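A structural walkthrough
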Amino acid sequence: MGSVGRGDTVETQRLQFRQYTMEDLEFYASLWGQPDVVRYIGKGLTKTNKEAWKSLENWILPGYKNGLGLYVIQLKETEEPIGHAGLVRQVVEGRKETEIGYWLAKPYWGQGFASEAAAFFTSYGKNQLKYGRLISLIHPKNAASIAVAKKLGMAYEKTVFFNGNRTRVYASGE
């Protein structure tokens, strides 16, 4: 498995991953515009197209450093974007952590895509980037994401206040 660089596409059995570009704004904004998709993200609020544009330009695009960042998930057969996943740096209670993040548009829930994407980035983080510890920050009511974390072999570690919300930390490694 190679590194995921600008312009590169890597794939799993059913999915492809590539870096976002500003050409993905419509798709990115569509994810932020779905209340069910964002209810457990941040403050759980949707973003306007202008807010999504700022997020893409100021957070997502500059986040591609040293193999980290959130990558567009596409269906391999059609190259249709269905969500995003990747590894991002977080600071949790003063400790620098590497989080596996994953979101899917609602029509793609319950089909194993989040687990497939998260498993890819777990392997990538541990084998390519050599991270000994990975976490997932999950809202306590997000049963689907908790199930994905457990499938990855992560275990509940603690509940913290993260960005003003009660958040569960699931972790693997040291």
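Residues numbered from 1 in each chain as written. Predicted model: local features only at pLDDT ≥ 70, side-chain atom pairs only at ≥ 80, totals over all residues. Heavy atoms only, no water.

1. Let's talk about the pairing of strand β7 (residues 155-162)
Pairing of β7 with strand β8 (residues 165-173) involves 7 bridges; the strand directions are antiparallel. Considered in β8, the bridge of Phe-162 is made with Asn-165. The turn joining β7 and β8, which pair antiparallel and follow one another in sequence, is formed by 2 residues; a positive phi near 50° is taken by Asn-163. (Pairing = 2+ DSSP bridges. Helix = DSSP H or I, 4+ residues; strand = E, 2+ residues; numbered from the N terminus.)

2. Observations concerning the packing of aromatic side chains
Scanning the model with the defined rule gives 11 aromatic pairs in all. Between Tyr-20 and Tyr-28, the ring centres sit 5.3 Å apart and the planes meet at 80°, which makes this aromatic pair edge-to-face. Here Tyr-20 matches Tyr-28 in class, with each residue buried. Seen from the ring of Trp-32, Lys-47 lies directly overhead, with NZ or CZ sitting 4.4 Å from the centre. Lying across the ring of Tyr-156, Arg-168 places its NZ or CZ 5.4 Å from the centre. (Phe/Tyr/Trp six-rings, centres within 6.5 Å; stacked < 30°, edge-to-face > 60°. Buried < 20%, exposed > 50% of the residue type's maximum accessible area, 1.4 Å probe, protein only. Lys NZ or Arg CZ within 6 Å of the ring centre and 35° of its normal.)

3. Some remarks on helix α4 (residues 113-128)
If you check α4, its first and last C-alpha atoms are 21 Å apart, about what 16 residues at 1.5 Å a residue would give, namely 22 Å. Directly after α4, the chain includes Lys-130, whose backbone phi takes a positive value near 65°. (Expected span 1.5 Å × (residues − 1).)

4. Structural notes on the pattern of salt bridges
Summed over the entire model, instances satisfying the criterion amount to 8 salt bridges. Across the salt bridge formed by Asp-36 and Lys-106, the nearest N and O atoms sit 2.3 Å from each other. Taken as a pair, Asp-36 in helix α2 (residues 35-38) and Lys-106 in the loop between β5 (95-104) and α4 lie far apart in primary sequence, 70 residues in all. Look at Asp-36 and you get partly exposed, because its relative accessible area is 30%. One salt bridge in this structure joins Glu-93 and Lys-158, with 2.8 Å as the shortest N-O distance. Placement of the pair is Glu-93 in the loop between β4 (81-92) and β5 and Lys-158 in strand β7, with a sequence separation of 65 residues. Lys-158 sits in the partly exposed class, given a relative accessible area of 31%. (Salt bridge = Lys/Arg side-chain N within 4 Å of Asp/Glu carboxyl O.)

5. Concerning the pairing of strand β2 (residues 15-19)
Extensive coverage of β2 is indicated by the burial of 5 of its 5 residues. Here β2 shows no split at all, with Leu-15, Phe-17 and Gln-19 on one side and Gln-16 and Arg-18 on the other all buried. Two elements, strand β1 (residues 10-11) and β2, share 2 bridges in a ladder whose sense is antiparallel. Note on β2: the bridge partner recorded for Glu-11 is Gln-16. Hairpin geometry of β1 and β2 is characterised by an intervening segment of 3 residues between the two adjacent antiparallel strands. Sheet analysis places β2 next to strand β3 (residues 69-75), joined by 5 bridges and oriented antiparallel. Residue Phe-17 lies in a different strand from β3, and its bridge partner there is Ile-73.

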